[in-house]
Amino acid sequence: MNTAVRHFMPATARRLIPNRWDLIAFPLILGFLLMATTGIRETWAPLAALQTAPITLDPGNLPEYALRTTLRMLAAMVAALVFTLIYGTLAAKSRRAGLLLVPILDILQSVPVLGYISFTVTFFLALFPGRVLGAEFAAIFAIFTSQAWNMTFSFYQSLRTVPRDLEEVSINLRLSPWQKFWKLEVPFSMPGMIWNMMMSMSGGWFFVVASEAITVGDKTVTLPGVGSYLAMAIQHKDLAAVGWVILTMTVVIIVYDQFLFRPMVAWADKFRLEDTMSQAAPESWVLNLIQRTRAIQQLLKPLGKLTRAIAHARLNFSLPKGIHSDDHTPVSRGIDLVWWIAVVLLAGFCAVKLFNFIHGEVGLSEVLRVLGLGLITLARVSALILLASLIWVPLGVHIGLRPRLAEKIQPLAQFLAAFPANLLFPVFVVFIVHFKLNPDIWLSPLIVLGTQWYILFNVIAGASAFPNDFREAAANFRIRGWQWWRKVMLPGIFPYYVTGAITASGGAWNASIVSEFVSWGDDKLAAHGLGAYIAQTTAAGDYPKILLGICVMSLFVVLFNRLLWRPMYAMAENKLRLN
C-alpha cells in the first residue's frame, strides 16, 4: 500500500509563500518603484539635456511630465514633514523659542513663493553645477515653501492642545520625552496632520508653474513637468493643451487619493480621541489589500519592529534650559530678560538695516502710500476670510461627521483645491473688461479661490477627530440647534478652525500678489492694494520698492496674527481643550 509522503514545511517559510492578495499588491508596488526609479534617474542628467529635449505641447509627453511633477511634490512633502516635526515641536515646547519661532513662521508664510526662488535658485544651481539636480532642488524647495507652513501650524496647534488628562497619564506612566512624543503627541496630531498634508499637497499645485520654470538673470531653466507644460499652453493660448492638463491633473489627484491619502486617513482613524467606536470608520481598499497580504506583511515586519524600538527607546532628551524653562525662579526670570533683550536687539538690527536700505531709495511719502495700500488689502482679505468661514465651517462639519460622505467628498475637494486658480484669471479679465466692472470689487474673489480650502480641510479634520462619545452625550442630553453648535461643535473644532484660518489668511495675502494684478494678452487689470503694488514693482524690477512691499505685507500679517489669531489660539488652549 502506497502512502502519501507529506513534506514538513517550517511555519516561517509557509508565511513567506504569497497568497492571492500578494499577487495583486506586488505588481502595484514594483510598478511604483520602477516609475520612481525612472524619474529619479533623469535628475542626474546634465543641465544641457534640458536644452536638447525642450518642453513640447505633445499630449503624449504628459505621463512623463506628470511623473516628474509628482516626484517633486512627494519629495517636498517629505521635507515639509521633517521640518514640521522639528520646528513645530521646538516652537510648542519651548516658551522662549516660541517667542521667536512663531513670528518667524508668520513672516515665512507671508513671503511670496517667487521671493524664495529668487534667493535660493542660484545657491542650488551652484551646489550641483552643470546638473539637472540643482534645478530640481530649487523647484522642490519652492514647492516646500507652499506646503511646510500649513503643516507646521497644524502640528503646533495639536501639541498645544493635547488633553490634560492624557498629559497626566504620560506622567504616571513615566514616559520619557521621546516616548511621550511618539506615543502621545504625534498620534494625537495625526488626524489633523493628514488632512493638512492633503491640503498642502493640493496647494502645491498652485505654485508648480512658477517652480518648474526657473529664471536666473537672463537665463531660464525649464524642468519637464505639468507646471511647465501648463505655462507653455497659457503662453500659446492653446485651450486644447489646457484641457489635457486638467485631465492629467484629475488622474494624478485620483491616484494620490486612492494610493496615499485615503489609506493614511483610514490608518489614522485609530488615533481618534474617543471611548466609543465610530459607527462608520473610513476605509481604504489599498490598506485592506496590504493588510490581507502574507509575504508583504512578513517583509514589512522588520521595519515595524525597528520603528517600535525607536518609539519605545527611553531617550531622555530635553531642550537646553537656556531656551526652555517654565520655572519662575530669579535665575529663570534673568534668562527671560536676557532672551528678550537678544530678540529685541536682533529685530532692531534687522529693522535698521531694512530702514536704511529702503529709506535710501524711497521717500516717506512712498512708505505712507504703501501702508495705505496694505490697509486696503487687509480689508479685502478680512472680508473674504469671514465670508469663506461662514460658508465652509457648516459644510466642513457636515462632511467631517460623516466618514462615508468624507470619503466621497475628499477627491472632489482635493481636485478643487489643486485646480490652479490662475487658470480662471483670464475668464475674470474677459468678464470684467466686457461688462466694464470695477476691478477693486470683482478681482477680490480671486484672492480666496485657492486659500479657502485651508478652512474647509481643517474643519473637516476637526470634525473627523471630534470624539464620538461626546456626540452621543450631546444626543442623550438632547442638545440641538444653535445650542449644539455653540456648546458642542464649535468649541470642539475651534483649534482646527484657527489653524485653517491663519493659513488661509497668510495664503490670501500671498495670493493677492497675483490676484490684484492680472492680465490676458494685452488686457491688464489692477486693483488698488498691496498685492498689485508688489506685482507691478516686480515687473518693473524696482527692488527697493519690492522689498518695501514685502516688508509691509509681513508687518500686516504678523500684526494680524498677533492681535487676532494668537489670542484665539490662547483661548483654544486654555478653555477649549478636550479633557
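Structure first, text after, so check above.
Criteria and thresholds
Residues numbered from 1 in each chain as written. Predicted model: local features only at pLDDT ≥ 70, side-chain atom pairs only at ≥ 80, totals over all residues. Heavy atoms only, no water. Helix = DSSP H or I, 4+ residues; strand = E, 2+ residues; numbered from the N terminus. Buried < 20%, exposed > 50% of the residue type's maximum accessible area, 1.4 Å probe, protein only. Contact = heavy atoms within 4.5 Å. Phe/Tyr/Trp six-rings, centres within 6.5 Å; stacked < 30°, edge-to-face > 60°. Expected span 1.5 Å × (residues − 1). Bend = angle between axes of the 7 residues up to and from the residue. Salt bridge = Lys/Arg side-chain N within 4 Å of Asp/Glu carboxyl O. Axes fitted to C-alpha atoms, helices over the stretch in contact; angles between N-to-C directions. Parallel < 35°, antiparallel > 145°, perpendicular 65-115°, else oblique. Left-handed = near helix turned anticlockwise from the far one by under 90°. Nonpolar A, V, L, I, M, F, W, Y, C, P; charged D, E, K, R; others polar. Patch = residues over 30% accessible without salt bridge, like charges linked within 9 Å, V, L, I, M, F, W, Y side chains within 5 Å. Areas by Shrake-Rupley, 256 points an atom, 1.4 Å probe, with all protein chains shown as cover. Core = buried A, V, L, I, M, F, W, Y, C linked by side-chain atoms within 4.5 Å.

Remarks on the overall build of the protein chain
A tally of helices and strands in the protein chain yields 25 helices and 4 strands. Residues classed as buried in the protein chain amount to 48% of the 579 residues present. In the protein chain, of all internal contacts separated by at least 6 residues, the share reaching a separation of at least 24 is 82%.

Some thoughts on the packing of aromatic side chains
Across all of its chains, the model carries 19 aromatic pairs by this definition. Between Phe155 and Phe181 the ring centres are 6.2 Å apart and the planes differ by 85°, which places this aromatic pair in the edge-to-face class. Placement of the pair is Phe155 in helix α7 (residues 132–160) and Phe181 in helix α9 (residues 177–204), with a sequence separation of 26 residues. We classify Phe155 as buried; its relative accessible area is 0%. For the ring pair Phe431 and Phe435, a centre distance of 5.0 Å and an interplane angle of 50° mean the geometry is tilted. Here Phe431 pairs with Phe435, and both are found in helix α18 (residues 425–435), just 4 residues apart, close to one helical turn. Assessed through its relative accessible area of 38%, Phe431 is described here as partly exposed. Put simply, the rings of Phe83, Tyr87, Phe124, Phe137, Phe141, Phe144 and Trp149 pair up and form one aromatic cluster.

As for helix α14 (residues 295–312)
Its 18 residues place the ends of α14 26 Å apart at the C-alpha level, agreeing with the 26 Å of an ideal helix rising 1.5 Å per residue. Roughly 35° is the biggest bend found in α14, and it falls at Lys301, with proline Pro302 one to four residues downstream. Buried within α14 we find Ala295, Ile296, Gln298, Gly304 and Ala311.

Here we look at the pattern of salt bridges
Counted according to the given criterion, the structure contains 9 salt bridges. Arg72 serves as the salt-bridge partner of Glu212, at 2.8 Å between the closest nitrogen and oxygen. Taken together, the positions of Glu212 in helix α10 (residues 208–212) and Arg72 in helix α4 (residues 62–93) put the pair 140 residues apart, joining distant regions of the chain. Of the two residues, Glu212 and Arg72, neither departs from the other in class, the shared state being buried. With its nearest N and O atoms 2.5 Å apart, the salt bridge here joins Lys180 to Glu167. With Lys180 in helix α9 and Glu167 in helix α8 (residues 164–172), this pair connects stretches of sequence that are 13 residues apart. A residue is classified by how much of its surface remains accessible, and Lys180, at 19% relative accessible area, is buried. A relative accessible area of 19% places Glu167 in the buried class. In this structure, a network of salt bridges that share partners links the residues Arg68, Arg72, Glu136 and Glu212.

Structural notes on the side chain of Ser170
Tracing the sequence through the fold places Ser170 in helix α8. Excluding its chain neighbours within four sequence positions, the residues that come into contact with Ser170 are Leu175, Lys180 and Leu184.

Observations regarding the packing of α4 against α9
With their axes 11 Å apart at the nearest point, α4 and α9 run at an angle of 135° to one another. One finds that α4 runs oblique with respect to α9. Here α4 runs over α9; the crossing is right-handed. Counted together, Met73, Leu74, Met77, Leu81, Thr84, Leu85, Thr89 and Lys93 of α4 and Phe181, Trp182, Glu185, Met193, Met197, Ser200, Met201 and Gly204 of α9 form the full contact between these two elements. Of the residues that constitute the contact of α4 with α9, the class distribution is 10 nonpolar, 4 polar and 2 charged.

Here's the deal with a nonpolar patch on the surface
Taken together, the side chains of Ile24, Leu28, Phe32, Met35, Trp244, Leu247, Val251, Val255 and Trp285 make up a nonpolar region of the molecular surface, amounting to roughly 790 Å² of accessible area. Looking at the nonpolar patch, the elements that each hand over two or more residues are α2 (20–42) and α12 (239–268). For Met35, the location among the structural elements is in helix α2. Judged by its relative accessible area of 40%, Met35 is partly exposed.

Description of the nonpolar core
One finds Ile455, Phe457, Tyr497, Val498, Trp509 and Leu530 to be the most contacted residues of the largest nonpolar core, which totals 110 residues. Examining the composition of this core, we find that 14 residues originate from one element, helix α23 (residues 481–515), more than from any other. Beyond its immediate sequence surroundings of up to four residues, Leu530 is in contact with Val370, Leu373, Gly374, Thr377, Trp509, Glu516, Gly549, Val552 and Met553. Judged by nonpolar contacts, the second largest core, of 10 residues, contains Val121, Phe124, Ala139 and Leu223.

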